[in-house]
Amino acid sequence: MKTAIVLLALLFALPAQALDKDKISHFGGGAILGLTTDTVLYHATDLERPKRMVAATGLAMIPGFAIEVADEFTGTHFSWYDLLADGLGSVTGVVAGELINGKLWVKASARQVQLTGRW
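Novice: Pulling in residues and values, what's your account of the overall build of the chain?
Specialist: Scanning the chain from N- to C-terminus turns up 4 helices and 2 strands. In sequence order, the chain lays out its α and β elements as α-α-α-α-β-β. The 119 residues of the chain split such that 27% are buried. Within the chain, counting contacts between residues at least 6 apart in sequence, those at least 24 apart form 53% of the total.

Written as structure tokens, this is what we have:
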């Protein structure tokens, strides 16, 4: 719960221009890639949860990193903030993939929300 409060506080503390369309598209693309790679690894490999999540996140970040490297050579510069948005989106997509594929479950009570699972 403390983590959720901190994340919400950061969201509201950021100025509106910090969440421009470019960062939103990087986050969204990373989330889609994270969800896709996690789902493929879930069904196509025998990797267990922690390794699968790390591998899926890394694979999902490759296109974003490649775009940033290409940006460096095409006139716009490499952006660590774009790469951060890619990474946050990838992690979000991977967690969503684990939730959808049935490995993680959300357990909520009046006092707390937990991720639990069958592993």
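Novice: I'd like to hear about a nonpolar patch on the surface, residue by residue, with values.
Specialist: Residues Phe27, Tyr81, Leu84 and Leu88 make up a contiguous nonpolar surface patch of roughly 440 Å² in combined accessible area. No other element matches the 3 residues that helix α4 (residues 80–100) contributes to the nonpolar patch. For Leu88, a relative accessible area of 47% gives the class partly exposed.

Novice: Quick rundown of α4? Include the residues and the values.
Specialist: Its 21 residues place the ends of α4 30 Å apart at the C-alpha level, agreeing with the 30 Å of an ideal helix rising 1.5 Å per residue. Every buried residue belonging to α4 is among Asp82, Leu83, Ala85, Asp86, Gly87, Gly89, Ser90, Gly93, Val94, Gly97 and Glu98, and all of these are buried. The distance from a side-chain oxygen at the start of α4 to the backbone nitrogen of Tyr81 is 3.4 Å, and the residue carrying that oxygen is Ser79. One or two positions beyond α4, positive phi appears at Gly102, with a value near 90°.

Novice: Summarise helix α3 (residues 49–73); cite the residues concerned and give the values.
Specialist: Taking 1.5 Å of rise per residue, the 25 residues of α3 would be expected to cover 36 Å, and the 37 Å separating its terminal C-alpha atoms lies within 8% of that figure. The largest bend along α3 reaches roughly 30° and is located at Ile62, with the proline Pro63 sitting one to four residues downstream. Of the positions making up α3, those classed as buried are Arg52, Met53, Ala56, Thr57, Ala60, Gly64, Glu68 and Asp71. Just downstream of α3, Gly75 is the residue with a positive phi angle, here 115°.

Rules used in this analysis
In this numbering scheme, every chain counts its residues from 1 along its sequence in written order. Only residues with pLDDT of at least 70 get local features here, since the model is predicted, and only at 80 or more are side-chain atom pairs given and counted; chain-wide, interface and lining totals rely on the full set of residues. Note that water and hydrogens are dropped before the side-chain values are worked out from all heavy atoms of the structure. Working definition: helices are DSSP H or I runs of at least four residues, strands are E runs of at least two. Numbering for both runs from the N terminus. Any residue under 20% of the maximum accessible area for its type is buried, any over 50% is exposed, and the rest in between are partly exposed; the area is computed with a 1.4 Å probe on protein chains only. Whether two residues are in contact is decided by their heavy atoms: any pair within 4.5 Å suffices. Patches here are clusters of residues that have more than 30% relative accessible area and form no salt bridge, with a 9 Å joining cutoff for like charges and a 5 Å cutoff for nonpolar side chains (Val, Leu, Ile, Met, Phe, Trp, Tyr). Computed by Shrake-Rupley with a 1.4 Å probe, the accessible areas treat only the displayed protein chains as cover when residues are assessed. Criterion for a salt bridge: a side-chain nitrogen of Lys or Arg within 4 Å of a carboxyl oxygen of Asp or Glu. A helix is expected to reach a length of 1.5 Å times the quantity of its residues less one. As used in this structure description, the phrase polar contact means that two N or O atoms lie within 3.5 Å; if the pair is within protein, one of them must be able to donate a hydrogen and the other to accept it, and residues adjacent in sequence are counted only when both atoms belong to side chains. Here the bend at each residue means the angle between axes fitted to two seven-residue stretches, the one ending at that residue and the one beginning there.

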